[in-house]
Amino acid sequence: MTRYIATVLVLFSLLTAQSVPSPEKYFGFPIGADRHLLDWEQIVTYLQKVANASPRVAFQQLGTTTQGRPMVMLFISDSANIAQLEHLQRLQQSIAEPFQLDSAAAKPLIRNGKLFFLVTLNIHSIEIAASQEAVELAYELATTEDSALTAALKEVVMLLVPSLNPDGQDMVVDWYRKTVGTPAEGTRPPFKYHFYADHDNNRDWFFFNLKESQLIAQVLYHDWYPEVVYDQHQMGSTGARFFLPPYNDPVSPVVAPSLMAHTNALGKYVIARMHDAGFRGLVTNTIFNAYFMGTMSKTPLWQNRIGILSEAASARLASPIYLPHSSLRGMGQELPEYKQQTNFLDPWPGGWWRLRDIIDYEKAATYHMLQYLAENKSVLKRNFYRLNRQAIEKGTTESPYYFIVPQNQWDRSAAITMLQKLRLGNVKIHVATQDFVYNGRQFHAGDFVIPVAQPNRAYIIDLLSRHHYPDLRQFPGGPPRRPYDVTTWTLPLQMGVEVIRVDNPLSIASKPVEPAPLLDIPELTAGWYAFSPRHLNSYRILNYLLHRKVPVHVQGQGPTARFVLRVTARKAAELQDVFSLYGVPLEPVSGATPGAKLQPARIGIYQPYIPWVYDEGWLRLILDEFQFPYHVLRDEDLREKNNRLKTIDVLVFGSQDAKSIVKGYDGLRTQPQPEGEPQLPAKYRKGIGKSGVENIRQFVRNGGTAIFIGEACNFAIDALHLPARNVLKDASRTDFFAPGTLVRVSLDTASPLTNGMPPEANIYINNSLALKLMPYHQEIRETAVYPPYDVRVSGWLVGEQKLPGTVALAEIPYGNGKVILYGFRVHHRGQTYGTFKLLFNAFYRMK
Ligand SMILES: [Zn+2]
C-alpha cells in the first residue's frame, strides 16, 4: 500500500513537472535574450501557471500597488512544506515573538520549523534583470531534480517577490519596447518609475509611506517573519560585476554584532561558491554600508534578520553594452583602482555585458544562498530566537526601558501617525492604565508608552533616539567621507512629537492598544467654533471644508492662530463626525469676529523630466494625503508663451540642481556624447529654458507666489535676481557638510507661514544652503533663522558654526507677488511632519 502511494506520488509529480511549461517555450524566447523583456502581466500570468501546476509553489496576491496593479508573492519549498504553511507560520511566529518562550520550549520549534527566506526583486525598475529572473527561478525550483536544491527546499521556504514595484516594472518595459531600435534604445524613461518616489522607494522601509512598502511590512513583521532577506539591485556598468556583503563601514551601533557577523558569513560564502563556479568580478566591503536604516535589505537587520543586498553591474535595460578593459573603474575608497585585491579577487576582464549575464549572477547567488541557509538552518533559527529573546530581556535590564508619548502633544495627530508607523514595523504600543511619575513629571492614564522589551528593541531605539554619525574622513584631517545615505531619521524630531526616553528602571501599568486619531467630540450645536492648525489633521479638515465651500476664517498668528467656522444645524452631525474621525478638537467661540477668509490657492508643481528629483514626488504624496488638489507642470508648460502659469496661484519647485532646471539633461552633461550613444528624444532634454525663466518672473510680478525648496533656491536667487545670497554656495565639503541632518531654527511667528507652529522647530537639511538677505525696497521676512548655538539636533554636521544668524526660510516680495525660499527639506521623503505646516500655510489665499 505504502509503495503504491509512493508510486502514485512520483507519477503525479512527474506529470505536474511536465505540465509547467518552460519560460522559453511559454514566451517563445529564452529569458534574458537581448532586447526581450516580459511585462508585469506576462510575469504574473506565468507565475500563476507555475503555482497551479507545481505542488512546490503557492501564489499569493499581497494587495494592489499605488497604481492598482497586483502585488504578488510566491511560496517556493518542498511540497510537504507548502502543504503545511499555516503550521509552519505558527512555529515561525513563536520564535519571532518569544515573549513567553524559554529556550527549552523553543528547541522543538526550531528543529521542526523551516527557515523563511524572503527574496525581493526589482524595487528599482530600471534594474530590470531581476524581474525577468523571477520566472526562471520559479520554473527551475518548481521542476528541478538537482539533489542539492531539492534538499535545500526541504529546509527552507522561499518567499519570492518578483517585483517590489510592479508599476515601474511595467513602465520601464513599455518605454523599452517603444524605444528599442530608435536612438533612445537603452535610455531610462524620463519619468519617475515609482509614481511618487522613483529610486527613493528604497528609502521608505521604516516610514512606510508607499503602499508597496506597507504590503511587504506585513510579510516581514506580521505574517511570515523571514529570518533572511535578500534584495537584488543593479549598479553602474563600469565597476565590479557583482557586490555582496560584508558591507562597508560604518556599522550601526544598535544592530546585534552576531547578526552582522552572520550577514558577513553568508555574503562571503556565496562569493566563494560563485568563484568556484567561475563567476568573475565579485566584490565585497565597498560603497554599500549598513548604517542607514531605511532600505529593503537593511531595515530587517534592526529586527534581528539577516539582510543581504546584491548589486550587479547594469547593461542598458535589455540592450548589451561593450566595456573595453580600460573603461573599467574602481568602486569607492575600498576599491580605489580596478585591480586585484582581497575584496576583489578576480577582476572581470571587460567585453560585452548583457541582461543574460546579470540574471546568471543573480540566480547563482540566490541558489548558493538557499543551500547555505538549508545547511545552517538550525544555527540561524537558533540565533534568530536568541536575539529576539535577548532583546526582550535587555528591555527590562538595560536602558532605555520605555519611551513615553504623552497624549497631550503640540500636534496630537502627528503623534498618532508616528505610532501607527511604528505599528507597521510590529512595535507594540501600550497605553498607561494608571497615572505615574517619571523624573518628577506627572504622566496620566491614557498616555502612550512603548516598552522597549520587544524583539525589535534595536529598531525602536534607533527610530526614537538621536543619531551621532561617526566623523569619518577620507584621510586624517581631510574632507568628510560621504555617507551612503542620510545620517538621521529620528521620528519624534522629524515629526514634531514629544517623546520621553526612560533611562531609569521603571514599571508602568499598561495594556496594548492600536493607536487611532479618533476623538470623542461632544455633540455640536449651531454656532461659531474654532480649531487649531497645530494639529496637522486640521489641514485635512480645512481642505475638506473648503472643497465643500464651507467658509473658514483665520484668526491670530503663529502658535496661537486658529481656524474659525460657523456650524449650521444642518451640518452639525456631519462635522462632528469629521472632527472626531481626524481627532481634532473644536471649541465654541462666543461673539465671533471671524477674521480673514481662507481660500484654497491653485497649486502648480513643477515636474522635470529628470526623474531623480525625488522632492517633487514626495511633495505630491503629502499633498494627496492631506487632500490638496494640484496641477503638474512640465517643461513645455513653463516654456510656452501662453503658459499654464496663468491657471495657478502658487508654483512649487522641489529641491533640484539649478542647471538642470533651465537646461534639463543637457545642463548636466559635462562632455559631448559619443557618436550613436543612446539619447532621449529632444523634448525631454531641454529644461524650462530662458523663456521658462522669463515666464516665472512674469508670473510672480503679476501677483503669483513662487516656492523654491532646497537646491532650487540657488536657481531662484540667480534666475530671479533675488536680494539673497547663499553663503554656503561655494563652501568645500571640509568647510560645511550636512548629509541629511536635523537642525534647530527660530521662527518669526508673525508670518502666516508659521500658523500652528511652535516658536522653534527642527528642520531637515540635506544640502549646503544658508541665506543672507540684502537691503531691499520692500519688507523681507526672515521667517526661520538659525539660532546662535546648539544648532545640530541629530545626524552629522560639519561646519555647524557657519549656520548661526543665517536664514533658512525667507519671504521676499517681488512685483505684486512673492518668492518663498525654503533653504531646507520642508517635506523630506514625506517624513518631516514637524515642518509640513510651514509649507501648507503657503497654499491658501486670504481675503
Ligand atoms: Zn537599486
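None of the values given here were measured: they were computed from a predicted structure. (Residues numbered from 1 in each chain as written. Predicted model: local features only at pLDDT ≥ 70, side-chain atom pairs only at ≥ 80, totals over all residues. Heavy atoms only, no water.)

Caption draft 1: Region of interest: the overall build of the protein chain. Along its length, the protein chain carries 24 helices and 37 strands. Here the protein chain has a C-alpha radius of gyration of 28 Å; the compact-globule value for 847 residues is 29 Å, and the two agree. In terms of overall dimensions, the protein chain has C-alpha extents of about 90 × 70 × 60 Å along its principal axes. Relative to its full complement of 847 residues, the protein chain shows a buried share of 61%. (Helix = DSSP H or I, 4+ residues; strand = E, 2+ residues; numbered from the N terminus. Rg over C-alpha atoms; globule rule 2.2 N^0.38 Å. Buried < 20%, exposed > 50% of the residue type's maximum accessible area, 1.4 Å probe, protein only.)

Caption draft 2: Focus on the coordination of the zinc ion. Each protein donor to the zinc ion is listed here as H124 (ND1), E127 (OE), E127 (OE) and H233 (ND1); together their distances run 2.1 to 2.4 Å. Between the four donor atoms coordinating the zinc ion, the angles at the centre fall across 56 to 150 degrees, so the site counts as irregular. Taken in chain order, the donor set of the zinc ion reads H-x2-E-x105-H. Owing to a relative accessible area of 9%, E127 belongs among the buried residues under this scheme. (Donors = N, O, S within 2.8 Å, 3.2 Å for Na, K, Ca; no water. Tetrahedral: all angles 85-135°; square planar, octahedral: opposite > 155°, others 65-115°.)

Caption draft 3: Just the side chain of S77, in detail. One can find S77 in the loop between β2 (70-76) and α4 (79-83). One polar contact links the side chain of S77 to the main-chain carbonyl oxygen of V156, over a distance of 2.8 Å. Residues within four places of S77 in sequence aside, it is in contact with R56, I82, L153, V156 and V157. (Polar contact = N/O pair within 3.5 Å; in protein donor to acceptor, adjacent residues only side chain to side chain. Contact = heavy atoms within 4.5 Å.)

Caption draft 4: Fine view of the pattern of salt bridges. Counted under the stated rule, the structure contains 44 salt bridges. The partner of R203 in a salt bridge is D485, with the nearest N and O atoms 2.6 Å apart. In this pair, R203 sits in the loop between α9 (166-179) and α10 (211-223) while D485 sits in the loop between α15 (457-464) and α16 (491-495), placing the two residues 282 residues apart along the sequence. Overall, D485 belongs to the buried group, its relative accessible area being 12%. Between R744 and E760 there is a salt bridge, with the nearest N and O atoms lying 2.7 Å from each other. Of this pair, R744 sits in strand β30 (residues 741-747) while E760 is found in strand β31 (residues 760-765), placing the two residues 16 residues apart along the sequence. Among the residues examined, R744 registers a relative accessible area of 16% and is labelled buried. Exposure remark for E760: the relative accessible area of 40% places this residue in the partly exposed category. (Salt bridge = Lys/Arg side-chain N within 4 Å of Asp/Glu carboxyl O.)

Caption draft 5: Quick peek at unusual backbone geometry. A cis amide bond, omega 0 degrees, links D249 with the succeeding residue P250. You can see P250 is positioned in strand β7 (residues 248-251). The linkage connecting S399 with the following residue, P400, adopts the cis geometry, with an omega of -5 degrees. Secondary-structure assignment places P400 in the loop between α13 (377-397) and β13 (402-405). The phi angle at K549 is positive, at roughly 60 degrees, despite the residue not being glycine. Of note in this structure, Q627 is not a glycine but carries a positive phi near 65 degrees. Its location among the elements puts Q627 in the loop between α19 (614-625) and β26 (630-633). According to the relative accessible area criterion, Q627 is partly exposed, its value standing at 35%.

Caption draft 6: Main features of empty space enclosed by the protein. Inspection of the entire model under this criterion finds three cavities of 30 Å³ or more. In this structure, the largest cavity occupies an estimated 100 Å³ of space. Along the walls of the largest cavity sit 13 residues, with A96, Q303, N426, P455 and N456 positioned nearest its centre. As for the second largest cavity, its lining consists of E227, V228, L259, H262, N304, I306, L380, N383, F384 and L387. Going through the elements one at a time, α11 (257-276) and α13 are the ones with two or more residues in the lining of the second largest cavity. Here the lining of the second largest cavity is composed, by residue class, of six nonpolar, three polar and one charged. (1 Å grid on protein atoms, 1.4 Å probe; cavity = no way out; pocket = protein on both sides within 12 Å on 5 of 7 lines; lining within 4 Å. Points joined across faces, edges and corners; volume = space filled by probe spheres on them. Nonpolar A, V, L, I, M, F, W, Y, C, P; charged D, E, K, R; others polar.)

Caption draft 7: Layout of the sheet that holds strand β14 (residues 430-432). Reading across the sheet, the five strands line up as β18-β13-β17-β14-β19 and stay open at both edges, with antiparallel pairing between neighbours. The open sheet is flanked by β18 (500-502) and β19 (510-512), the only strands paired with a single partner. The mean angle between the axes of side-by-side strands here comes to 30 degrees, regardless of whether they run parallel or antiparallel. Taken together, the two bridges between β14 and strand β17 (residues 448-451) define a ladder with antiparallel strand orientation. (Pairing = 2+ DSSP bridges. Axes fitted to C-alpha atoms, helices over the stretch in contact; angles between N-to-C directions.)

Caption draft 8: Representation of the packing of helix α5 (residues 85-96) against α13 within the structure. Taken N-terminus to C-terminus, the directions of α5 and α13 make an angle of 45 degrees; their axes are 8 Å apart at the nearest point. As far as their axial angle goes, α13 and α5 are oblique. Residues Q92, I95 and A96 of α5 form the contact with α13, whose own contacting residues are K381, F384, Y385 and N388. Of the residues contributing to the contact of α5 with α13, the split by class is four nonpolar, two polar and one charged. (Parallel < 35°, antiparallel > 145°, perpendicular 65-115°, else oblique.)

Caption draft 9: A look at the pairing of β26. Bridge count for strand β25 (residues 603-606) against β26 is four bridges, and the pairing is parallel. Residue pairing for β26: G604 is matched across the bridge by H631.

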